[in-house]
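Commentary on secondary and tertiary structure
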Amino acid sequence: MMRELIELGGCSAMLAANGADALEMLASHRPCLIVVDLLMPVMDGIELVEELRRRPELATIPVIIATSAPYRAPHGVPVLPKPIDVTSLWGWMRRTCRCARAEPATVAR
């Protein structure tokens with residue numbers, strides 16, 4: 001669902017099954033925004049955010065946490081509460097991603 005929302009917002013999306021897979025992908029791709037779920041197998045969202053902060057080459061990529069448990073989000077990381085509000089997601093995308101600067105497509109709920 002997140003991929004579809006991002007694509008409707010005018011950007012492409014790459015999906016990772018967990019934080020470790022995301023780090024592998026980041027070795028060859030630099031996204032304009034990383035949307036992280038806290039609950040993932042292998043390496044969860046908190047561990048991924050900590051690892052991103054430790055790596056200078058990745059630390060500048062904007063990160064937002066998508067979660068139904070916002071109280072668990074790491075300090076200083078913006079939270080996009082679940083269920084995802086499309087307008088909020090697209091707002092983040094417009095602020096950080098060149099691909100989303102135009103008005104995004106309309107989603108019927």
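Above this text you will find the structure in question.
Conventions we followed
Along each chain, the written sequence defines residue order, and numbers are assigned to residues from 1. Under the rules for a predicted model, residues below a pLDDT of 70 receive no local features and side-chain atom pairs below 80 are neither given nor counted, while totals for whole chains, interfaces and linings still include all residues. Side-chain numbers come from the whole structure's heavy atoms, not from hydrogens or water. Each helix is a run of DSSP H or I of at least 4 residues and each strand a run of E of at least 2, with the numbering of both proceeding from the N terminus. Any two strands with at least two DSSP bridges between them are considered paired. Lines fitted to C-alpha atoms define the axes here, with helix axes fitted over just the stretch in contact, and angles between the N-to-C directions of these axes take values from 0 to 180 degrees. The term disulfide is used for any two cysteine sulfur atoms that are within 2.5 Å. Working definition: with a 1.4 Å probe on protein chains only, accessible area under 20% of the residue-type maximum means buried, over 50% means exposed, and in between means partly exposed. Angle categories: roughly parallel below 35 degrees, roughly antiparallel above 145, roughly perpendicular from 65 to 115, and oblique for all the rest. When checking whether two residues touch, look at their non-hydrogen atoms; a contact exists if any pair is within 4.5 Å. By arc we mean the arc of the directions from the helix axis to the C-beta atoms, nothing more. N or O atoms closer than or at 3.5 Å make up a polar contact, with two conditions inside protein: a donor-capable atom paired with an acceptor-capable one, and, for residues adjacent in sequence, both atoms drawn from side chains.

Cis geometry marks the peptide bond from Lys82 to Pro83; its omega dihedral reads 0°. Considering the arrangement of structural elements, one finds Pro83 in the loop between β3 (79–81) and α4 (86–96).

The strands that make up a sheet are held in pairs by hydrogen bonds between backbone atoms, and each pair lies either parallel or antiparallel. Pairing is parallel in the open sheet, where three strands are placed in the order β1-β2-β3. In this open sheet, the two strands that pair with only one neighbour each are β1 (34–37) and β3. Each adjacent strand pair in this sheet contributes to an overall mean axis angle of 30°, direction not counted. The pairing of strand β2 (residues 63–67) with β3 spans three bridges and is classified as parallel. Within the sheet, the bridge partner assigned to Thr67 lies in β3 and is Pro81.

Tallying each qualifying case throughout the model produces one disulfide. A disulfide bridge connects Cys32 with Cys97, and the sulfur atoms are separated by 2.0 Å. Taking the sign of the S-S torsion, 95° for the link of Cys32 and Cys97, the bridge is right-handed. On the criterion of sequence distance, the pair formed by Cys32 in the loop between α2 (19–26) and β1 and Cys97 in the segment after α4 is long-range, its members being 65 residues apart. Judged by relative accessible area, which is 2%, Cys97 ranks as buried.

With that settled, consider the environment of Ala22. Following the sequence through the fold, Ala22 ends up in helix α2. The buried category is assigned to Ala22, whose relative accessible area is 15%.

Further remarks concern the packing of α2 against helix α3 (residues 45–54). At a minimum axis distance of 9 Å, the contact between α2 and α3 shows a crossing angle of 30°. Relative to α3, α2 is oriented roughly parallel. Across the interface between the two elements, Gly19, Ala22, Leu23 and Leu26 of α2 pack against Leu48, Glu51 and Leu52 of α3.

Turning next to α2. Think of an α-helix as turning once every 3.6 residues; residues three or four places apart then point the same way. Three or more residues of α2 are buried, namely Gly19, Ala22, Leu23 and Leu26. Around the axis of α2, the buried residues are gathered within 100° of arc, so they sit on the same side. Sitting at the head of α2, Asn18 places a side-chain oxygen 2.9 Å from the backbone nitrogen of Ala20.

By the element assignment, Gly91 lies in helix α4. Separated by 34 residues in sequence, Gly91 and Glu57 place their C-alpha atoms 25 Å apart.

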